[in-house]
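# Observations on the three-dimensional arrangement
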Amino acid sequence: MADVELKTAPADFRFPTTNQTRHCFTRYVEFHKCVNAKGEESDDCMKFAKYYRSLCPGEWVEKWNEQRENGTFPGPL
Amino acid sequence: MNTKNTTLSRTQFQFQPFHLVTPSPWPLLTSFALLILTSAAVMYFNGYANPLGGSGALLVGIGLATTVAAMALWFRDVVAEGTFLGDHTILVQKGITMGVALFIISEVFFFISVFWAFFHSSLSPTVELGAQWPPVGIATINPFELPLLNTILLLSSGATVTYAHHSVIEGNRRGAILGTLMTLVFAILFTICQGIEYVNAGFTIADGVFGSTFFFSTGFHGIHVIIGTAFIAVAFFRMLSYHLTDHHHLGFEASILYWHFVDVVWLFLFITVYWWGS
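Calculation rules
- Residues numbered from 1 in each chain as written.
- Chains lettered and ligands numbered in written order.
- Predicted model: local features only at pLDDT ≥ 70, side-chain atom pairs only at ≥ 80, totals over all residues.
- Heavy atoms only, no water.
- Helix = DSSP H or I, 4+ residues; strand = E, 2+ residues; numbered from the N terminus.
- Buried < 20%, exposed > 50% of the residue type's maximum accessible area, 1.4 Å probe, protein only.
- Contact = heavy atoms within 4.5 Å.
- Areas by Shrake-Rupley, 256 points an atom, 1.4 Å probe, with all protein chains shown as cover.
- Buried area = accessible area lost by both parts, 1.4 Å probe.
- Salt bridge = Lys/Arg side-chain N within 4 Å of Asp/Glu carboxyl O.
- Polar contact = N/O pair within 3.5 Å; in protein donor to acceptor, adjacent residues only side chain to side chain.
- pLDDT = per-residue confidence, 0-100.
- Disulfide = S-S within 2.5 Å.

## So, the overall build of chain A
Helix and strand counts for chain A come out as three helices and zero strands. Each helix and strand of chain A, placed in order from N terminus to C terminus, yields the pattern α-α-α. Along the longest, intermediate and shortest principal axes, the C-alpha atoms of chain A span 45 × 30 × 25 Å. A total of 77 residues make up chain A; the buried ones form 32% of that total. Sequence separation of at least 24 residues holds for 54% of the intrachain contacts in chain A that already meet a minimum separation of 6. Just so you have it, chain A exposes about 5,500 Å², and 51% of that area is on carbon and sulfur atoms.

## Focus on the interface of chain B and chain A
Taken together, the contact pairs nine residues of chain B with six residues of chain A. Buried area between chain B and chain A, both sides added, is near 590 Å², and the carbon and sulfur share of it is 59%. Among the residues chain B hides against chain A, the three largest losses belong to V127(B), G130(B) and V136(B). Together they make up 60% of the total. The tally of links between chain B and chain A comes to zero salt bridges. Where chain B touches chain A, the interface holds two residue pairs in polar contact (both at pLDDT 80 or more).

## Overview of the confidence of the model for chain B
Summary statistics for chain B give a mean pLDDT of 93 and a share of 99% for residues scoring 70 or more. Predicted complex, confidence summary: ipTM 0.81, pTM 0.88.

## Topic: the state of the cysteines
All names here are of chain A. For the structure on display, the rule yields two disulfides over all chains. Two residues, C24 and C56, share a disulfide whose sulfurs are 2.1 Å apart. In this structure the cystine formed by C24 and C56 twists about its S-S bond by roughly 120°; its chirality is therefore right-handed. Taken together, the residues span a long stretch of sequence, with C24 in helix α1 (residues 21–38) and C56 in the loop between α2 (43–55) and α3 (58–70) at a distance of 32 residues. There is a disulfide in this structure between C34 and C45, and the S-S distance comes to 1.9 Å. Across the disulfide from C34 to C45, rotation about the S-S bond amounts to roughly -85°, and the bridge is consequently left-handed. One end of the pair, C34, is in helix α1; the other, C45, is in helix α2, with 11 residues separating them in the sequence.

Structure follows, in structure tokens:
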């Protein structure tokens, strides 16, 4: 079997509890802040992209993407 | 007549210091009125059709009016028993004071639950709010404008009511009347200022959990201010009618205790909801 590197977002001491909702939200916001600051395809931002895609349920990401397009996203972008 | 040891004479004395109340219809009337008020309110909130038609608000109004009337008639009897019939011995007065204190403590627990709700939502705001408090999009009220004035009004009313109380104890009728009148003026000014705040606020009770907790906490506090104002107003009119003595003025003291409780709740509200929460 080929060696596949499996990893997920690192444990963040700011979010010690089982409920990682806030962790997912923070990483999603971080990624979009990075993109707004550095541009769409910047490599630095891909780290945050991997984190939030590991942590967040697909439905939430879709819902937040829609909210961003409508201008109703509640996060500090 | 009272000196002879006859059955008739002995009925003129009671050999224990407590007040055994004569039968009264007011407790039962109050409980029926409260039943109408509470069930009408539940029906109105849930949009049930009601026998009087319309939104059901009329039945709530009827329930409220009968409750207030029943309470007024009951308290009127207590005043008659204490001031005119002499039933309120020192021990009865102590019992009444304990009763008032326990009632206020129960109200404190009610406000504890209200503050609990506020802190539950505000200490760890959900992602739907943007994980921040105040939530994204809420235009909060500057605590150092009208709310600060309200704080000063209530603190001043506490000072004027203390002056009035001391005047009553010293037998200073003019001071007592002026002090109580100033207290009522400050109380009514507070209510007017809160009304102005409510009308001009940039958010409503329907604006998420911020709106809910803000108007729930300040709204119930406002209701208690109005009740406290009425309580002091009744004591004021009794003072004008010469009901109070320098040693016996329980209704006045109870209204003062209730007013201090209202003041303290406002101080907590100001610091947590208005200042920290903005």
